[in-house]
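Single-letter residue listing:
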Amino acid sequence: MKREPTAWLLLCAAGAGLSLLAAGRVWASVRYGGAAPVELQGGDLAPAVQPLALAALAATVALFATRGLWRRVIGAVLALCGAGIALLSWQGLAVTAAEELAAARSPLAAATRDVTAVAHTAWPYLAAAGGALLIASGVLAVARATGWAGMSGRYDRPRPAAEQRDDKSLWEAIDRGDDPTEER
């Protein structure tokens, strides 16, 4: 039973890590005539990939701090982050978006309006693969995470009987002038 959460954690870390890594790399190169190519990174073509990957990492950690229904909710959030990353990565492959962004980046080169080539690297595909891993881990968390062990209350201080009184009796003690924190 301990292997499943560990494998899930590695799956999440791989998906989010791959997406984060890919977001900072060059996704496309636009060449104008004889000018130097304009390189566009993943953060330029799909700026939300990096925040979604960071949110997925936060959800991964949060899953172990919760129990029950909240784990399913966090699993759904994780799957949605993965779906967003995958969708934005595929949209980052659009040639027209790369041409428009390159024209805004290098107006002098774009003045020729002679785009000779738009070349994409493998990074958007790897970001989409990271998103797919996050989708799979989110679905797995929704289906199975409620049975996984969580953080324990093992080191929490047990409450003595005097502290377990209800709030009303504490306020009444204060009204009488007694200190409700004193042991009797």
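Everything below is about the structure shown above.
Residues numbered from 1 in each chain as written. Predicted model: local features only at pLDDT ≥ 70, side-chain atom pairs only at ≥ 80, totals over all residues. Heavy atoms only, no water.

## Some words on the sheet that holds strand E1 (residues 26-32)
For the record, the criterion: Note on pairing: two strands pair once DSSP finds at least 2 bridges between them. Helix and strand assignments come from DSSP, with helices taken as H or I runs of at least 4 residues and strands as E runs of at least 2, each series counted from the N terminus. Only the contacting stretch of a helix is used when fitting its axis, a line to C-alpha atoms as for every element, and angles between N-to-C directions run 0 to 180 degrees.
Pairing is antiparallel across the open sheet formed by three strands, whose spatial order is E2-E1-E3. Two strands bound the open sheet, and with one partner strand each, they are strand E2 (38-41) and strand E3 (115-120). Taken pair by pair, the neighbouring strands of this sheet meet at an average axis angle of 15 degrees, ignoring direction. Alignment of E1 against E3, held across five bridges, turns out to be antiparallel. Along E3, the bridge assignment pairs Ala-28 with His-120.

## Topic: the nonpolar core
Cut-off, in case you're wondering: Buried residues of nine kinds, namely Ala, Val, Leu, Ile, Met, Phe, Trp, Tyr and Cys, make up a nonpolar core once their side-chain atoms join them within 4.5 Å. Between buried and exposed lies partly exposed: a residue is buried under 20% and exposed over 50% of the maximum accessible area for its type, with that area taken using a 1.4 Å probe on protein chains only. We call two residues in contact when some of their heavy atoms are within 4.5 Å.
If you look at the biggest cluster of nonpolar residues, it comprises 30 residues, and the most contacted ones within it are Trp-8, Trp-27, Leu-40, Leu-63 and Leu-78. Elements represented by at least two residues in this core include exactly helix H1 (3-23), E1, E2, helix H3 (49-64), helix H4 (69-91), helix H5 (95-105) and helix H7 (123-144). When sequence neighbours within four positions are dropped, the list of residues in contact with Leu-40 reads Arg-25, Val-26, Trp-27, Ala-28, Val-30, Leu-45, Ala-98, Leu-101, Ala-102 and Arg-105.

## So, the packing of H1 against H3
Keep this limit in mind: Any angle that falls under 35 degrees is termed roughly parallel, while one over 145 is termed roughly antiparallel, one within 65 to 115 roughly perpendicular, and all others oblique. Crossing handedness is defined as follows: a turn of the near helix away from the far one that is anticlockwise and smaller than a right angle gives a left-handed crossing, while the clockwise case is right-handed.
The geometry of H1 relative to H3 is characterised by a closest axis approach of 8 Å and an angle of 165 degrees between their N-to-C directions. Looking at the two axes, H1 sits roughly antiparallel to H3. Note on packing geometry: the crossing formed by H1 with H3 is left-handed. Contacts between H1 and H3 involve Pro-5, Trp-8, Leu-9, Cys-12, Ala-16, Ser-19, Leu-20 and Ala-23 from the first element and Val-49, Gln-50, Ala-53, Leu-54, Ala-56, Leu-57, Thr-60, Leu-63 and Phe-64 from the second.

## Looking at a nonpolar patch on the surface
We count it as follows: Patch definition: residues with relative accessible area over 30% and no salt bridge; like charges joined within 9 Å; nonpolar side chains (Val, Leu, Ile, Met, Phe, Trp, Tyr) joined within 5 Å. Reported accessibility uses the Shrake-Rupley method at a 1.4 Å probe radius. Residues are deemed covered only where the shown protein chains occlude them. Basic side-chain nitrogens of Lys or Arg form a salt bridge, by our definition, when they fall within 4 Å of a carboxyl oxygen of Asp or Glu.
Together, Leu-69, Trp-70, Val-73 and Val-77 give the surface a local cluster of nonpolar side chains, amounting to about 410 Å² of exposed area. By the element assignment, Trp-70 lies in helix H4.

## Looking at the pairing of E1
Two elements, E1 and E2, share four bridges in a ladder whose sense is antiparallel. Directly across from Ser-29, in E2, lies its bridge partner Glu-39. Counted between consecutive antiparallel strands, the loop separating E1 from E2 contains five residues, among which Gly-33 sits at a positive phi close to 45 degrees.

## Examining the environment of Gly-42
Examined against the element boundaries, Gly-42 turns out to sit in helix H2 (residues 42-45). Taking the C-alpha atoms as reference points, Gly-42 and Ala-127, 85 residues apart in sequence, are found 8.9 Å from one another. Ignoring anything within four residues of it in the chain, the contact list for Gly-42 reads Ala-22, Ala-23, Arg-25, Trp-27 and Pro-47.

## A look at the pattern of salt bridges
With the rule as written, the count across this model stands at three salt bridges. Note that Glu-4 is salt-bridged to Arg-144, the shortest N-O span being 2.9 Å. Pair noted here: Glu-4 is in helix H1 and Arg-144 is in helix H7, with a separation of 140 residues, a long-range link. According to the relative accessible area criterion, Glu-4 is partly exposed, its value standing at 23%.

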